[in-house]
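Here is how the chains run, residue by residue.
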Amino acid sequence: MGTWEWPLIVFTVLSQISIGIIVGLLGLDRRNRLKEKLFKQGVVVSGILLMIALLASLFHLGHPEAAYRAITHLDSSWLSREILFFILTFVGWLYLLRLSFHPTGKRRSSLLITSVLGLLGIISSAMIYVLPRVPAWNNVAPVFFFILTAGLLGALALVILGGQELQSEQKKSLLNWSLGCIIVSIFMFVLYASLIKVNAQGAATVQFLLSSPLFWLRAGLGWLVPLILLLTGLKSQKVFAANTLYLVFALVGVGEILGRALFYVSAVGIHISALF
């Protein structure tokens, strides 16, 4: 079994929320130009989260001062590609920040470029864990789960940031997207668990997850309760109370953190014994 990798948990979850906000801003702006206040708030919060994430990632390194060397293997290393794409994403974010205070450039194209770079960074992060020696990770599931975290928490963050700036239809669209991400996450986990059970290591991973109280806490807080709250609120056709939105975001956030921790803890690797 693995260990709780707190620097990586913070880095992956916060960077994915950050990219999710940028992608959400792009989606909303393409339909109906966003008000400048919401654009600025979304960009600033996204950047703060991204900077905290990048700082947290340094604590995973034995020698943070030598982090620049990790970018020297772009031809063979997903870690190098991850670093490159997140550096480029940060550069894109700096331009978005400039636009948020001085709206003189092409906002949508800048959002599109930064979103693509950010998503490539998330995919690169996930691909680092696609390892033959860890059967539970050696598939497309890490990519899907990382992107779903971005979509889910990014959309919820935008609903909260939007406040009175978002139209009711925009809020409903973001909440429906969040609901869809939760449903897809549940479906993906069931499919993932059924597929990786074909080998001993994968079966051990599933057994560990299903016997862990943390998994059921994650499922309850991050999936079930938010699912009920979102379904109830959307069905009633009423405006969500701010407290309810904060509660949903907090529950999903805790659920995603627990899910990411279990991702690192639960994977069972293939142990190879040398023969002499």
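Residues numbered from 1 in each chain as written. Predicted model: local features only at pLDDT ≥ 70, side-chain atom pairs only at ≥ 80, totals over all residues. Heavy atoms only, no water.

J.: Looking at this structure, how should I read the overall build of the protein?
T.: Each helix and strand counted, the protein has 9 helices and 0 strands in total. Helices and strands in the protein line up, N terminus first, as α-α-α-α-α-α-α-α-α. A compact globule built from 276 residues would reach a C-alpha radius of gyration of about 19 Å, and the protein, at 19 Å, matches this within 12%. C-alpha extents for the protein along the principal axes are approximately 70 × 45 × 25 Å. Burial statistics for the protein: of 276 residues in total, 46% are counted as buried. Accessible surface computed for the protein: about 14,000 Å², of which carbon and sulfur atoms make up 70%. One finds the centroid of the 20 positive side-chain charges in the protein at a distance of 8 Å from the centroid of its 9 negative side-chain charges. (Helix = DSSP H or I, 4+ residues; strand = E, 2+ residues; numbered from the N terminus. Rg over C-alpha atoms; globule rule 2.2 N^0.38 Å. Buried < 20%, exposed > 50% of the residue type's maximum accessible area, 1.4 Å probe, protein only. Areas by Shrake-Rupley, 256 points an atom, 1.4 Å probe, with all protein chains shown as cover. Lys, Arg positive; Asp, Glu negative; His and termini not counted. Charge placed at Lys NZ, Arg CZ, Asp CG, Glu CD.)

J.: Where do I start with the packing of aromatic side chains in this structure?
T.: For any two aromatic rings, the description comes down to two numbers: the centre-to-centre distance and the angle of the planes. Here the structure, examined in full by the defined rule, presents 15 aromatic pairs. Ring centres of Phe 189 and Trp 223 lie 5.9 Å apart, and the angle between their planes is 50°; on these two criteria the pair is classed as tilted. Here Trp 223 lies in helix α8 (residues 213–236) and Phe 189 lies in helix α6 (residues 168–196), a separation of 34 residues in the sequence. There is no split in this pair, since Phe 189 and Trp 223 are both buried. By the ring-pair criterion, three or more aromatic residues cluster together here, those being Phe 145, Phe 189, Tyr 192, Phe 215, Trp 216 and Trp 223. (Phe/Tyr/Trp six-rings, centres within 6.5 Å; stacked < 30°, edge-to-face > 60°.)

J.: How should the environment of Gly 202 be read in this particular structure?
T.: Here Gly 202 shows up in helix α7 (residues 200–211). Sequence separation between Gly 202 and Leu 251 is 49 residues; the distance between their C-alpha atoms is 28 Å. In this view, Gly 202 contacts Ile 196 and Lys 197; residues no more than four positions away in its chain are not counted. (Contact = heavy atoms within 4.5 Å.)

J.: Would you mind showing me how to read a nonpolar patch on the surface here?
T.: Together, Trp 4, Trp 6 and Ile 257 line one region of the surface with nonpolar side chains, adding up to about 290 Å² of accessible area. Tracing the chain through its elements places Trp 6 in helix α1 (residues 6–31). We classify Trp 6 as partly exposed; its relative accessible area is 44%. (Patch = residues over 30% accessible without salt bridge, like charges linked within 9 Å, V, L, I, M, F, W, Y side chains within 5 Å. Salt bridge = Lys/Arg side-chain N within 4 Å of Asp/Glu carboxyl O.)

J.: Looking at this structure, how should I read the packing of α7 against helix α9 (residues 242–266)?
T.: Working note: a packed helix pair is described by the angle between its axes plus the distance between those axes. With their axes 10 Å apart at the nearest point, α7 and α9 run at an angle of 140° to one another. Classified by the angle between their axes, α7 and α9 sit oblique to one another. The hand of the α7/α9 crossing is right-handed. Where α7 approaches α9, its residues Thr 205, Phe 208 and Leu 209 are matched on the opposing element by Leu 262, Val 265 and Ser 266. Of the residues in the contact of α7 with α9, the class split is 4 nonpolar, 2 polar and no charged. (Axes fitted to C-alpha atoms, helices over the stretch in contact; angles between N-to-C directions. Parallel < 35°, antiparallel > 145°, perpendicular 65-115°, else oblique. Left-handed = near helix turned anticlockwise from the far one by under 90°. Nonpolar A, V, L, I, M, F, W, Y, C, P; charged D, E, K, R; others polar.)

J.: Honestly, the confidence of the model for the protein in this entry has me stumped. Any pointers?
T.: Close reading of the predicted structure is inappropriate where its pLDDT is low. Residues of the protein with pLDDT of at least 70 account for 90%, and the chain-wide mean is 88. With pLDDT under 50 throughout, residues 271–276 is counted as low confidence; its partners more than four residues away or in other chains account for 0 contacts. (pLDDT = per-residue confidence, 0-100.)

J.: Could you clarify how one ought to interpret the pattern of salt bridges in this entry?
T.: A side chain with one charge can pair with a side chain of the opposite charge if their charged atoms come near. Applying the stated rule across the entire model yields 5 salt bridges. The salt bridge involving Arg 107 is made with Asp 29; its shortest N-O contact spans 2.6 Å. Taken together, the residues Arg 107 in helix α4 (residues 107–127) and Asp 29 in helix α1 connect sequence positions 78 residues apart. Taken individually, Arg 107 and Asp 29 each receive the classification buried, so the pair is uniform in this respect.

J.: Would you explain the packing of α1 against helix α5 (residues 141–162) in this entry?
T.: Where α1 meets α5, the closest approach of the two axes is 7 Å, and the angle between their N-to-C directions is 65°. Crossing handedness for the pair α1 and α5: right-handed. Contacts between α1 and α5 involve Thr 12, Val 13, Gln 16, Ile 17, Gly 20, Ile 21, Gly 24, Leu 25 and Leu 28 from the first element and Phe 146, Thr 149, Ala 150, Leu 153, Gly 154, Ala 157 and Leu 158 from the second. By residue class, the composition of the contact of α1 with α5 is 10 nonpolar, 6 polar and no charged.

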